[in-house]
Amino acid sequence: MNGVLLNEQEKELIVPGEGFTIAAVMAILVIAIVAIVCYKMFKSDKGSAKLPGGYAFEWK
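From a predicted model like this one, the values you see are computed outputs, not experimental measurements. (Residues numbered from 1 in each chain as written. Predicted model: local features only at pLDDT ≥ 70, side-chain atom pairs only at ≥ 80, totals over all residues. Heavy atoms only, no water.)

Student: Residues and numbers for the overall build of the protein chain, please.
Tutor: Of regular secondary structure, the protein chain possesses two helices and two strands. Shown N-terminal to C-terminal, the secondary structure of the protein chain runs as helices and strands in the order α-α-β-β. Radius of gyration (C-alpha) of the protein chain: 23 Å, far over the 10 Å computed for a compact globule of 60 residues. Counting the 60 residues in the protein chain, one finds 2% classified as buried. For the protein chain, the exposed area adds up to about 6,100 Å²; of that, 68% sits on carbon and sulfur atoms. Averaging the locations of the 6 positively and 6 negatively charged side chains of the protein chain gives two centres separated by 26 Å. (Helix = DSSP H or I, 4+ residues; strand = E, 2+ residues; numbered from the N terminus. Rg over C-alpha atoms; globule rule 2.2 N^0.38 Å. Buried < 20%, exposed > 50% of the residue type's maximum accessible area, 1.4 Å probe, protein only. Areas by Shrake-Rupley, 256 points an atom, 1.4 Å probe, with all protein chains shown as cover. Lys, Arg positive; Asp, Glu negative; His and termini not counted. Charge placed at Lys NZ, Arg CZ, Asp CG, Glu CD.)

As structure tokens, this is what we get:
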């Protein structure tokens, strides 16, 4: 693998932080989905939920 050295102008164009941004957005999205699912579960009179791995929840 042959690498090419960057000059000073090219080095200044590199902006870190995209990985942190997408990780933060995905974390907020997952938290929101889990919160909605938990809210729906606790507000319903009866129901069930099946998760991958053989986990199943049922309430009456």
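Student: If you had to explain the pattern of salt bridges to someone new, which residues and values would you point to?
Tutor: Applying the stated criterion to the full structure yields one salt bridge. Residue Lys11 is joined to Glu8 by a salt bridge in which the shortest nitrogen-to-oxygen separation is 3.7 Å. With a gap of three residues between them, Lys11 and Glu8 both fall in helix H1 (residues 8-13), about one helical turn apart. Taking the relative accessible area as the measure of exposure, Lys11 reaches 45% and is therefore partly exposed. A relative accessible area of 54% places Glu8 in the exposed class. (Salt bridge = Lys/Arg side-chain N within 4 Å of Asp/Glu carboxyl O.)

Student: I'd love a proper account of the pairing of strand E2 (residues 55-59), names of residues and values included.
Tutor: Counting buried residues along E2, only zero of its five residues qualify, which leaves the element largely exposed. Where strand E1 (residues 47-51) and E2 come together, five bridges link them in antiparallel fashion. Note on E2: the bridge partner recorded for Gly47 is Trp59. What sits between E1 and E2 in their antiparallel hairpin is a turn of three residues, with Gly53 showing a positive phi close to 95 degrees. (Pairing = 2+ DSSP bridges.)

Student: Go over the confidence of the model for the protein chain, please, and point to the residues and values.
Tutor: Residues of the protein chain with pLDDT of at least 70 account for 98%, and the chain-wide mean is 87. For the protein chain, E1 is the element with the lowest average pLDDT, namely 80, and H1 is the one with the highest, namely 92. (pLDDT = per-residue confidence, 0-100.)

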